[in-house]
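# Examining the three-dimensional arrangement
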Amino acid sequence: MPVATTITFKNVVCPFCSLLCDDLAVSLKDGRLKAGHGACPLARHGLEYTGTALSPHVDAKPVPYVDALGRAAQILRSARQPLVGGMGTDVRGCQAAVALAERCGAAVDHMHSDAALCNTFVLQSRGGMLTTLTELRNRADLIVFVGTDALATHPRFYERCVWPSSALITSRLKSRQIIYIGDKLKTRHGTGRGRRGAQLVACNRHEIADILGALRMLHRGRNPATTGIITRARLAQLNEVVRRLRAARYGVLVWSAAELDPTNRELVIQAISELVVALNETTRFAGLALGGADGGTSSANVCAWQTGFPGRVNFTAGKPEFDPELYRGRTMLQSGMADALLWISSFGTDAKLPVTQVPTIALTRPSQRVARSAKVYIPVGTPGVDHDGSLFRLDGVVSLPLRGLRTPQMPSVAHVLTQLRERL
Amino acid sequence: MLVRLKGAVVYDPMHGIDGRRMDLFIRDGIMVPAPRRDTRIDHTYDVRDRIVMAGAIDIHTHIGGGKVNIARALLPEDHMPYAVQGSPILRAGSGHAVPTSFITGYRYAEMGYTACFEPAMLPANARHAHAEMADVPIVDTGAYALLGNDDFLLRLLAGKTGQKVINDYVAWIVNATHAHGVKVVNPGGISAFKFNQRDLDLDVRHEHYGVSPRRILKALARAVHELGICHPLHVHGCNLGVPGNAETTLKTIAAVEGLPLHLTHVQFHSYGREGDRGFSSAAARIAEAVNSNPNISIDVGQVMFGQTVTASGDTMLQYRGRRHAHPKKWVCMDIECDAGCGVVPFLYRDHNFVNALQWCVGLELFLQVRDPWRIFLTTDHPNGAPFTTYPRLIRLLMDRAFRAEMLDRIHPEARKSSILDSLDREYSLAEIAIMTRAAPARSLGLQTRGHLGRGAAADITVYEPNRNAERMFSKPALVFKDGVLVVRDGKVIQSTSGQVHATRPAYDRGIERVLKQYFDRYHTVSLGNFRIGSDELLGFGRSAISVHPCVPR
Ligand SMILES: [Zn+2]
């Protein structure tokens, strides 16, 4: 018996949220990973996850890999309208998924697309002015969090970007101010070391669009009517906010579509975009959308360059068709439009497998629960844990290499999908 | 495997061959001399009377990376009506002005192109650019790393750092991003825009760093030259699209004091301020400057009428151009203390005075620059027009009657203010072969591309002669890529993966210590992860990395 040694990896890129922090220390002993320096709760949970059910299953029974693959091919071959859902994978996995969808006439939809597409819709209707993490970190002297505090979904955003120990323009970091707009936000993190506290514009989620609209009017020198939520006292506060916005040299509005009110989030994002554009008449501002976890940004980018659309693409006619309403995965399953589901989720420890009557092929991290519930279950490795790969960060510009940390016991999504495609 | 192309009418300017009838021989993807009489020939293509050239090379085309993909996401209307069916051998896709990656490769190959160079690869976006371009089938790819707006370089210049360190930095970036060349876009201007400076002429100082575009330009031109990178500094100058910018362009030419320089999409930089509308052609003056400065090469960035999208690193000028967006939407993005991008959809109309005159300016440049070895055919795809308009552009250059016919259709005031109808030059096939093959290959230092001599890669285009040059160039009879027949009768019949062209200038490792410290202090990515490994690059799906030598000077 060889003595179990501990290997420590440094500068590990963490694939478990869309910040892709790349300064983690991770140690490996007996095939088990332990998260060290730089690991947030999401990283720890993702890295240290050990699922059971390492063998592929068909009808909840363990089978050899080739049998699972054969059964999966059969399901896809006999389906009229398959759906490739989840899309929780890296760049190579997305490429393989689109290729497979094209081969079998499937639709493609990412698990977080409801939120992500709100950003897309606003982009497609009016465009926008955007920025990236390193710009925010070094240049911003004002950061406005709209409807989010970023904490739950991007735990190290403050440490890595908002309050770094140094910035290219020191004065901007020193004078950096934070404003929050929304409710139930943890504003404590908006206070830097020895700096003044953050300002909070407290309002309900569904009121955010009105607040942003009022800010834009005030910026334009017009007074919004004092009705509804825009009270006199509120107006005084908003005037103060506008004063700060206008005085900023480089402001960033940060939002997370998933955390906005689902009934009007497109309006909010549109209002953000309009406010940013208006402020650029005299100073510099830009927007930064959080989100894009589970390979969401990678899926959008790969779909765009391979199909011409950022997602919700259907190949049933042999060519890519984009219809964000019609090809919404959940709707396709509920309406009976889709008659087979291939579900991909290689990052999350909770596979988010949709409950559906149609035969399901699940490519997920090892999970007893999925093994029992899917028609065909093929456990897959996680990019950046079990195998190499690459992922796009939330800003859609930067992508990072992922390195496998342990001897893979399971194949990659790309590998499985490529073999599956060959059988169709 | 020995293949013969029999009876070809060959245009191979690198070897002074101008329409000579001869047989060509390919062995295992490489051009070889005629074998001995008794050698067995495995396959013969009868190409009697057909015009044969090396595969064409596009020196400046935006085919991959962040801004192109933002353009796709922004414009479903550029894709929905242009969806393309897949087949057992070809992938599906879509797009008119910014086609998807697969369609881009197929369409280029179908026009006889075998190599494309993405001119604006942001180092921070290089991994994406290469991954995306690996999905552009058949053609070889390469990219120029964008520098000159990155805070690291501007700090070096502000700190009066010596040229040696700048050279090391440039070389490091080229290596780390597998670039083939170096480009500067609106030197300092993209960065200045982040500091709310709204314009920046050649000798104006960057508000924060105190350096002028001239300084940046000189430092980079010198770095590229001294490192021995074959392709000269690729320059998208100051004041793109601004009336009167020809002055800046002339000053830019003078600024480098004889160092080699490639000025890109010069059409957009050749405007005067004369006439009632304050907008005129200065193409004659620019052409004259190019003619008398042998260190200068240009590509044109011809405008062709129709819908397209402009995608550029030049946020400062794209922001200014947002008012002309058609449809009414646009994106500007500040990127990673590295550069930026601006995407503005645009409709060039022949009845619009400015657009019509832009069209004239491009053609005036083509017709007045005398040396086809120093002027390359581009539309700055997709900025002036999609690359699929090249055959029509070639006809405009080769066919005076057609040009006159088109000239009759444009805005009459534009026609009047242009000297175009007095220019009766017609490009010859040999000149087209120079401008689309031999000259770009020479400028890029591609020793085995752009010609058909011994040892060249068998990238070959066979055209059916036609008096209508547009028809001839839009539908080659045969196209070979590295000896593989990929196109027959203008349609892709087989898809392959091309190579990625790169260069590897040497540098002092000491720069990595400085850079590591900089990245650790300011960036959100570590230096090690910023760099792209060769294995990683190949893993994206290119068939090989073709490394071109540097000769330090
Ligand atoms: Zn360009």
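Just above sits the structure.
Here we summarise the structure given alongside this text.

Conventions we followed
Residues numbered from 1 in each chain as written. Chains lettered and ligands numbered in written order. Predicted model: local features only at pLDDT ≥ 70, side-chain atom pairs only at ≥ 80, totals over all residues. Heavy atoms only, no water. Helix = DSSP H or I, 4+ residues; strand = E, 2+ residues; numbered from the N terminus. Buried < 20%, exposed > 50% of the residue type's maximum accessible area, 1.4 Å probe, protein only. Contact = heavy atoms within 4.5 Å. Areas by Shrake-Rupley, 256 points an atom, 1.4 Å probe, with all protein chains shown as cover. Lys, Arg positive; Asp, Glu negative; His and termini not counted. Charge placed at Lys NZ, Arg CZ, Asp CG, Glu CD. Buried area = accessible area lost by both parts, 1.4 Å probe. Polar contact = N/O pair within 3.5 Å; in protein donor to acceptor, adjacent residues only side chain to side chain. Nonpolar A, V, L, I, M, F, W, Y, C, P; charged D, E, K, R; others polar. Pairing = 2+ DSSP bridges. Axes fitted to C-alpha atoms, helices over the stretch in contact; angles between N-to-C directions. Parallel < 35°, antiparallel > 145°, perpendicular 65-115°, else oblique. Phe/Tyr/Trp six-rings, centres within 6.5 Å; stacked < 30°, edge-to-face > 60°. Donors = N, O, S within 2.8 Å, 3.2 Å for Na, K, Ca; no water. Salt bridge = Lys/Arg side-chain N within 4 Å of Asp/Glu carboxyl O.

Helix and strand counts for chain A come out as 14 helices and 20 strands. With respect to the three principal axes, the spread of C-alpha positions in chain A is 70 × 55 × 30 Å. Burial status across chain A gives 63% buried among its 424 residues. For chain A, contacts bridging at least 24 residues in sequence account for 65% of all contacts bridging at least 6. Counting only carbon and sulfur atoms, one obtains 51% of the accessible surface of chain A, whose full area is about 15,700 Å². Positive and negative side-chain charges in chain A, numbering 51 and 33 respectively, have mean positions lying 5 Å apart.

Each side of the interface is counted separately: chain A has 64 residues, and chain B has 60 residues. Summing the contributions of chain A and of chain B, the shared interface buries around 5,100 Å²; its carbon and sulfur component is 51%. Where chain A meets chain B, there are 45 residue pairs in polar contact (both at pLDDT 80 or more). Of all the secondary-structure elements, those providing two or more residues to the side of chain A that touches chain B are helix H3 (91–104), helix H4 (113–126), strand S8 (127–130), helix H5 (133–139), helix H6 (157–162), strand S13 (284–290), helix H11 (296–307) and strand S20 (399–402) of chain A. Residue composition of the side of chain A that touches chain B, grouped by class: 26 nonpolar, 21 polar and 17 charged. As defined by bridge partners, S8 of chain A adjoins strand S18 (residues 330–335) of chain B across four bridges and the pair is classed as parallel. The partner of Met129 of chain A across the bridge, within S18 of chain B, is Cys332 of chain B.

The next point concerns the packing of helix H4 (residues 151–158) of chain B against helix H5 (residues 163–176) of chain B. Residues and elements named next belong to chain B. At a minimum axis distance of 10 Å, the contact between H4 and H5 shows a crossing angle of 170 degrees. The angle between H4 and H5 falls in the class roughly antiparallel. For the pair H4 and H5, the contacting residues are Phe152, Leu153, Leu156 and Leu157 in the first and Val165, Ile166 and Tyr169 in the second. Taken together, the residues of the contact of H4 with H5 sort by class into seven nonpolar, no polar and no charged.

So, about the packing of aromatic side chains. Residue and element names in this part refer to chain B. Applying the stated criterion across every chain, the model contains 24 aromatic pairs over all chains. Residues Trp172 and Phe530 carry aromatic rings whose centres are separated by 6.2 Å and whose planes lie at 15 degrees to one another, so their mutual orientation is stacked. You can see Trp172 sitting in helix H5 and its partner Phe530 sitting in helix H18 (residues 527–530), a full 358 residues away along the chain. Both rings, one in Tyr518 and one in Tyr522, keep their centres 5.4 Å apart while their planes meet at 65 degrees; by these two values the pair is edge-to-face. Taken together, the residues Tyr518 and Tyr522, both in helix H17 (residues 510–522) and four residues apart, mark about one turn of the helix. In textbook terms, an aromatic cluster arises when at least three aromatic residues are bridged by ring pairs, as seen for Phe152, Tyr169, Trp172, Tyr518, Phe519, Tyr522 and Phe530.

All names here are of chain B. Inspection of the secondary structure puts Met406 in helix H13 (residues 400–407). When the C-alpha positions of Met406 and Asp350 are compared, they lie 9.4 Å apart, and in sequence the two are 56 residues distant. In this view, Met406 contacts Trp359, Arg392 and Leu396; residues no more than four positions away in its chain are not counted.

All names here are of chain B. Looking at the metal site, the zinc ion is ligated by His60 (NE2), His62 (NE2) and Asp380 (OD), spaced 2.0 Å from it. Sequence spacing among the residues donating to the zinc ion works out to H-x1-H-x317-D. According to the relative accessible area criterion, His62 is buried, its value standing at 2%.

Right, let's talk about the pattern of salt bridges for a bit. Should their charged atoms come close, side chains of opposite charge can pair. Summed over all chains, the structure comprises 59 salt bridges over all chains. Here Glu336 of chain B and Arg393 of chain A are joined by a salt bridge, their closest N and O atoms 3.0 Å apart. Within this pair, whereas Glu336 of chain B is found in the loop between S18 and strand S19 (339–348), its partner Arg393 of chain A is found in the loop between strand S19 (389–392) and S20, the two belonging to separate chains. With a closest N to O distance of 3.3 Å, Asp140 of chain B and Arg449 of chain B form a salt bridge. Remark: Arg449 of chain B occurs in the loop between helix H15 (429–444) and strand S21 (460–463) and Asp140 of chain B occurs in strand S10 (residues 140–146); sequence separation between them is 309 residues. For the pair formed by Asp140 of chain B and Arg449 of chain B, the shared burial category is buried.

Residues and elements named next belong to chain A. Pairing within the open sheet is mixed, and its nine strands lie in the order S5-S4-S18-S17-S16-S6-S7-S14-S15. Strand pairing shows two members of the sheet lacking a second neighbour, strand S5 (61–62) and strand S15 (321–322), which therefore form its edges. Where strand S6 (residues 82–88) lies against strand S16 (residues 340–345), five bridges are found, and the strand directions are parallel. Residue pairing in the sheet places Gly85 in a bridge with Trp343 of S16. In the packing of helix H2 (residues 65–78) onto the sheet, contacts are made with strand S4 (57–58), S6, S16, strand S17 (360–364) and strand S18 (376–379), and the angle to S18 comes to roughly 130 degrees.

Now for the side chain of His206 of chain B. All names here are of chain B. Position of His206 among the secondary structure elements: in the loop between helix H6 (189–194) and helix H7 (213–227). For His206, a relative accessible area of 1% translates into the label buried. In this structure the side chain of His206 is engaged in a polar contact, spanning 3.1 Å, whose partner is the backbone nitrogen of Tyr209. In this structure, His206 is in contact with Leu154, Gly188, Ser191, Ala192, Phe195, Gln197, Leu200 and Val211, ignoring residues within four places of it in sequence.

Any functional reading would require information beyond the geometric quantities listed.
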